[in-house]
Amino acid sequence: MEVEKVLHMKGGAGKSSYSANSQLQAKAILYIRPILEKAIIEVHKHLPEKMVVADLGCSSGPNTFLMLTEVLKTIGKQCQRLGVEPPEMLFFLNDLPGNDFNTLFQSINVFEESVRAEKDAMSVPHFIAGLPGSFYGRLFPSQSVHIFHSSYSLHWISRVPQGLESKGEHTSPNKGNIYIRKTSSPLVVKLHQNQFQRDFSVFLKSRFEELVPGGQIVLTFLGRNKVDIYNGEMSSIWGLVSESINSMVLEGLVEEGTLDSFNLPHYAPSMEEAKAVINEQGLFQIINIQMFESNLDPYDDSDDDFVFDNIQSGVNFAATIRSVLEPMIASHFGAAIVDELFSRLAVNAAKHLLKEKTKYPVLALCLKKKEQM
């Protein structure tokens, strides 16, 4: 899998697009709003004339502009409190080249109209630019960015871990799975962990070079609460997709070898794993780190363990997953299976929710660049 070519959310503004199915990700941005506000205020206390904010893994939905609005409102309020002129804000929207930047930029006029309606944000001069490229490497000049923000992106690793491929007569070490599950070998776990550690290390080193002194990073990405990595929440969630594809293999709709050669470029770390990489690098101070949970159904805001309508929740869950996975699924298996696959996923999810209300664990972090000695 050439990750940089196929890893992107489903573009456009149609019923199955990411733009129409990114409510779950919006909740994460709203959850960390106090963390983001605090980071912005801290960085702004030096009263820079210009501030650069980069959104890494921006995708193409409305959530990018939700984050931008929060930044502008925070700066506007802070400048009014201090009685100073607001800085000029430059926003960079970054994602891989396959991202639907056209839909994103077509939405800017709507965003600007909403900003003019926000009393606190309207006074802040701002500019927006796109920046395609992988955040697993340098994107900006040294000491040029004040705030990095990234939501629901860092659980995507830079590549499918090397060693998971089927080779000749040798079967895949992760046969029948698309992510870590109970039937996965210890090798599969180790390969995923090593790839995450390498990628997150590169990410941190790159951002350290690019941040101004005292600059901060605010991150949210999928994680793991459970100690048993084979039984992690994302293992259960991606397992529902695996089961749906496997049912199509049994009916001859998908070749078994095609499934065995498909692995997601994904890893959901525990909080301890993320902290270990940060501490090993020694480049950032951890200002805030916490884990929160979101229901599989993005329209379910309840805190209990009861699912009111498992069938509708299954449909809603499948729509969210489709908006994320469809480009990868279509590239590997062919577009012809997409509708049937996600119909089956909705049914499997509905059955699963009768037994267990699995939730997405989400890691939220705020990191501050340490002073160079």
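Read on for a plain summary of the structure. As the structure is a prediction and not an experimental result, all values here were calculated from the model.

### Description of the pattern of salt bridges
Line of reasoning, step 1. Applying the stated criterion to the full structure yields 14 salt bridges.
Line of reasoning, step 2. Across the salt bridge formed by Glu-273 and Arg-224, the nearest N and O atoms sit 3.1 Å from each other. Note that Glu-273 is positioned in helix H10 (residues 271-281) and Arg-224 in the loop between strand E5 (211-222) and helix H8 (233-250), a separation of 49 residues in sequence. Per residue, the accessibility class of Glu-273 equals that of Arg-224, and both read buried.
Line of reasoning, step 3. Ionic contacts of the salt-bridge type, sharing partners, join the residues Arg-33, Glu-70 and Lys-73 into one network.

### So, the pairing of E5
Line of reasoning, step 1. Counting buried positions along E5 yields 10 of 12 residues, so the element is predominantly enclosed.
Line of reasoning, step 2. As judged from the 6 bridges shared by strand E4 (residues 145-151) and E5, these two strands associate in the parallel manner. Its bridge partner being in E5, Ile-147 is matched across the sheet by Gln-216.
Line of reasoning, step 3. Relative to strand E7 (residues 359-369), E5 runs antiparallel, the two being bridged by 7 bridges. Bridge pairing in E7 links Leu-219 to Leu-365.

### Let's talk about the sheet that holds strand E1 (residues 50-56)
Line of reasoning, step 1. The sheet built from 7 strands is open, its strands ordered E3-E2-E1-E4-E5-E7-E6 with mixed pairing. Edge positions in the sheet fall to strand E3 (126-132) and strand E6 (284-295), since each has one partner strand and no second. With direction set aside, neighbouring strand axes in the sheet form an average angle of 15°.
Line of reasoning, step 2. Pairing analysis gives 11 bridges linking E6 to E7, with the strands arranged antiparallel. When the sheet's bridge partners are listed, Glu-293 is paired in E7 with Pro-361.

Parameters at a glance
- Residues numbered from 1 in each chain as written.
- Predicted model: local features only at pLDDT ≥ 70, side-chain atom pairs only at ≥ 80, totals over all residues.
- Heavy atoms only, no water.
- Salt bridge = Lys/Arg side-chain N within 4 Å of Asp/Glu carboxyl O.
- Helix = DSSP H or I, 4+ residues; strand = E, 2+ residues; numbered from the N terminus.
- Buried < 20%, exposed > 50% of the residue type's maximum accessible area, 1.4 Å probe, protein only.
- Pairing = 2+ DSSP bridges.
- Axes fitted to C-alpha atoms, helices over the stretch in contact; angles between N-to-C directions.

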